[in-house]
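# Observations on chain architecture
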Amino acid sequence: MQAGSITKELLRTLALTQGVTLPEARLDAVLKQYQAYLQSLARMESLPIAREAEPEILFTHQMGSDAVEPPARK
Amino acid sequence: MTSRREFLQYSASAVAAMALPQTTPSPGQDLLPLTVAEAGRRIASKQLSPVELTRQMLARIEALNPKTGALITVAADQAMDAARTAEREIMQGKYRGPMHGIPFGAKDTYYTQGIRTTAGSYVLRDHYPTFDCTIVKKLKEAGGILIGKTNLPEFSFGGVTPGCHNPWDLTRNSGGSSGGSGSALAASMLIAATGGDTSGSIRNPSSTNGVVGFKPTFGLVSRYGVVPISWTLDHLGPMARTVEDVAIMLKIIAGPDPMDQFSARVAPQDYPQQLKRSIRGLRVGVLSQSEMKGFHPDTQKAFMDAAKVLEGQGAQIKEVTFTENTHIAAESHGIIRICEAATYHRQYLRKQEAEYRHIWSNDPNDSNTRITVEAGMLLTSAQYLRAQQARKLFMQEFYKIYNTLDVFLDPTMPSPADVPAPNAEGYRNWFDLNGFPAVSIPCGFSTNPRGLPIGLQISAKPFQDSLVLAVANAFETATEWHKRRPAI
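To keep things clear, this report deals only with the structure shown in the data block. Predicted, not measured: the structure shown is a model, and the values here were computed from it.

### Some thoughts on the overall build of chain B
If you tally the helices and strands in chain B, you get 15 helices and 13 strands. Here the C-alpha coordinates of chain B stretch approximately 65 × 60 × 45 Å along the principal axes. Sorting the 488 residues of chain B into buried and exposed places 65% on the buried side. By element, 50% of the accessible surface of chain B is carried by carbon and sulfur atoms, the whole surface being about 17,000 Å². Distance from the positive charge centre (50 side chains) to the negative charge centre (44 side chains) of chain B: 4 Å.

Here's what the structure looks like:
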């Protein structure tokens with residue numbers, strides 16, 4: 001979807017899915033900012049990101065963390 | 001053992017006697033041109049009382065805060081109590097180290113037990129944390145005296161701090177988002193402060209106010225108990241007027257923290273002790289001129305001169321340019337930042353959206369933070385994760401460059417305080433995105449407009465924080481920029 005084709009109505013609807021009501025007074029400013037983010041994402045589409053690339057996010061179990069042991073069974 | 005009377009007798013004259021050279025005298029108050037290291041030595045030898053130092057600092061804050069707007073909250077009673085405790089301990093021989101008896105300011109995102117923590121926003125106007133963040137806890141355990149909370153833009157969003165003025169020219173802003181810390185240090189209202197850095201917010205105000213600010217390797221310093229912008233981009237670190245002071249504070253605040261899931265299991269080093277290593281033979285990359293389009297001419301000149309200083313000390317200089325892919329991948333910073341921030345702000349946007357504005361603002365429509373996070377909230381998880389994939393590519397590109405270098409230099413800011421540089425791309429964000437350690441130190445002053453500080457950014461690979469500080473120290477030792485003081 002092109003950033004320029006985003007409507008204020010769509011923005012309002014998207015915000016409602018997040019439990020937030022966007023007032024008319026702020027719609028233009030939020031729309032402009034949202035379009036800027038979409039344009040940035042569009043530029044990133046040109047990057048040579050491999051199909052196997054994983055995101056740079058850490059989820060791990062740290063060594064030595066205090067694990068809670070299950071109670072001993074009788 | 002020195003009596004309390006003797007302790008105080010020495011103190012008042014000791015403070016006045018420690019005047020460092022400066023361009024013009026400050027009006028009205030005794031000068032506090034101290035550094036943490038100098039004050040620490042005097043306190044350790046009982047020539048300076050923490051009570052007298054704190055009292056003088058509070059007096060200076062009272063005199064200058066109306067002009068600078070650097071502090072949101074001053075905790076005078078708590079600070080004096082802590083100072084009296086520190087004095088008693090030191091007189092009993094229970095000396096804790098170089099931070100004992102030293103007042104410090106904390107950016108108002110840092111949770112401070114019983115002391116209001118607003119994050120610069122009306123949303124948190126009545127927020128009184130029930131615990132200290134890890135950094136404040138460590139500084140207090142080292143004997144530091146929390147004296148106040150420094151100003152920042154609302155929820156740290158932005159490079160300009162509302163109501164906060166630059167001591168070098170009070171008509172100009174102090175930068176941000178740790179603008180209050182930067183301004184207070186430059187004005188000698190504080191000798192030690194803390195900051196937060198997600199998009200350059202320790203280094204921006206450090207450069208803008210002519211002080212030293214250090215963003216450590218991601219994970220070296222705990223983020224626990226600090227109002228976040230973005231969990232995987234936030235860094236916290238020390239600010240002061242010299243590299244040695246920053247090293248002293250870093251040694252105290254660095255180290256693993258089980259309360260911070262991103263905390264690195266790396267023991268802190270003796271950063272002050274490692275400052276004096278030689279930089280002879282170091283491979284130093286410098287940002288090429290082609291990457292400085294739109295940078296102010298004074299900034300470019302100060303930067304080139306700074307590189308020559310290090311070359312004169314034996315560093316091997318080589319120019320660095322970045323690939324187009326690196327520039328594009330760096331945009332992932334903005335997406336990651338706003339998606340994570342929007343997730344944090346959901347709790348306020350759903351129930352307190354009408355309260356967004358700076359803590360000092362009366363205008364309910366005055367919140368760029370709210371607009372930004374509302375827009376970020378509309379991005380999808382797939383878009384966020386795409387940016388995190390781009391981040392991985394960015395890291396790979398960066399390691400290719402840094403594997404041929406020991407340190408990298410660039411100007412911290414494209415231009416001095418409030419001087420427009422509309423088409424210039426600064427590189428501060430990049431070091432939040434890759435988590436590499438980076439410092440900003442004073443490296444000159446502008447000529448047009450006259451007299452505004454310019455900062456040099458030095459960075460290295462992860463966990464080479466001591467190398468960054470050693471190179472910064474080598475530059476500082478060979479120059480006098482850090483000794484200048486504004487006429488305020």
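### Let's talk about the environment of isoleucine 458 of chain B
Residue and element names in this part refer to chain B. One can find isoleucine 458 in strand β13 (residues 450–459). For the pair isoleucine 458 and alanine 86, spaced 372 residues apart in sequence, the C-alpha to C-alpha distance is 35 Å. Setting aside anything within four residues of it in sequence, one finds isoleucine 458 in contact with Val407, Phe408, Leu409, Pro437, Ala438, Val439, Ile441, Val468, Val471 and Ala472.

### A look at the pairing of strand β9 (residues 283–287) of chain B
Residue and element names in this part refer to chain B. Counting buried positions along β9 yields four of five residues, so the element is predominantly enclosed. Relative to strand β10 (residues 316–320), β9 is paired through five bridges, and the arrangement is parallel. Bridge pairing in β10 links valine 284 to isoleucine 317. With helix α9 (residues 297–312) bridging β9 and its parallel neighbour β10, the resulting β-α-β unit is right-handed. Examined bridge by bridge, β9 and strand β11 (residues 407–411) share three bridges and lie parallel to one another. Bridged to valine 286 within β11 is leucine 409.

### Let's talk about the interface of chain B and chain A
Accessible area lost during the coming together of the parts is what is often quoted as the interface size. Facing 37 residues of chain B, the contacting portion of chain A comprises 31 residues. Here chain B meets chain A over a buried area of about 3,200 Å², counting both sides, of which 61% is carbon and sulfur. It is Glu331, Leu378 and Arg386 of chain B in chain B that bury the most area against chain A; as a group they hold 19% of the surface buried on that side. Where chain B touches chain A, the interface holds five salt bridges. Scanning the region where chain B abuts chain A turns up eight residue pairs in polar contact (both at pLDDT 80 or more). Of all the secondary-structure elements, those providing two or more residues to the side of chain B that touches chain A are α10 (324–329), α11 (332–349), α12 (368–376) and α13 (381–402) of chain B. It is α13 of chain B that provides the largest number of residues to the side of chain B that touches chain A, a total of 12 residues. Residues belonging to the side of chain B that touches chain A are distributed by class as follows: 17 nonpolar, 10 polar and 10 charged.

### Section: the packing of α9 of chain B against helix α15 (residues 465–478) of chain B
Residue and element names in this part refer to chain B. Closest axis-to-axis distance for the α9/α15 pair is 10 Å, and the angle between their directions is 100°. Taken together, α9 and α15 sit at an angle that is classed as roughly perpendicular. Facing α9, whose interface residues are Ala306, Val309 and Leu310, α15 presents Val471, Phe475 and Ala478.

The rules behind these values
- Residues numbered from 1 in each chain as written.
- Chains lettered and ligands numbered in written order.
- Predicted model: local features only at pLDDT ≥ 70, side-chain atom pairs only at ≥ 80, totals over all residues.
- Heavy atoms only, no water.
- Helix = DSSP H or I, 4+ residues; strand = E, 2+ residues; numbered from the N terminus.
- Buried < 20%, exposed > 50% of the residue type's maximum accessible area, 1.4 Å probe, protein only.
- Areas by Shrake-Rupley, 256 points an atom, 1.4 Å probe, with all protein chains shown as cover.
- Lys, Arg positive; Asp, Glu negative; His and termini not counted.
- Charge placed at Lys NZ, Arg CZ, Asp CG, Glu CD.
- Contact = heavy atoms within 4.5 Å.
- Pairing = 2+ DSSP bridges.
- Right-handed = clockwise from strand over helix to strand, strands pointing away.
- Buried area = accessible area lost by both parts, 1.4 Å probe.
- Salt bridge = Lys/Arg side-chain N within 4 Å of Asp/Glu carboxyl O.
- Polar contact = N/O pair within 3.5 Å; in protein donor to acceptor, adjacent residues only side chain to side chain.
- Nonpolar A, V, L, I, M, F, W, Y, C, P; charged D, E, K, R; others polar.
- Axes fitted to C-alpha atoms, helices over the stretch in contact; angles between N-to-C directions.
- Parallel < 35°, antiparallel > 145°, perpendicular 65-115°, else oblique.

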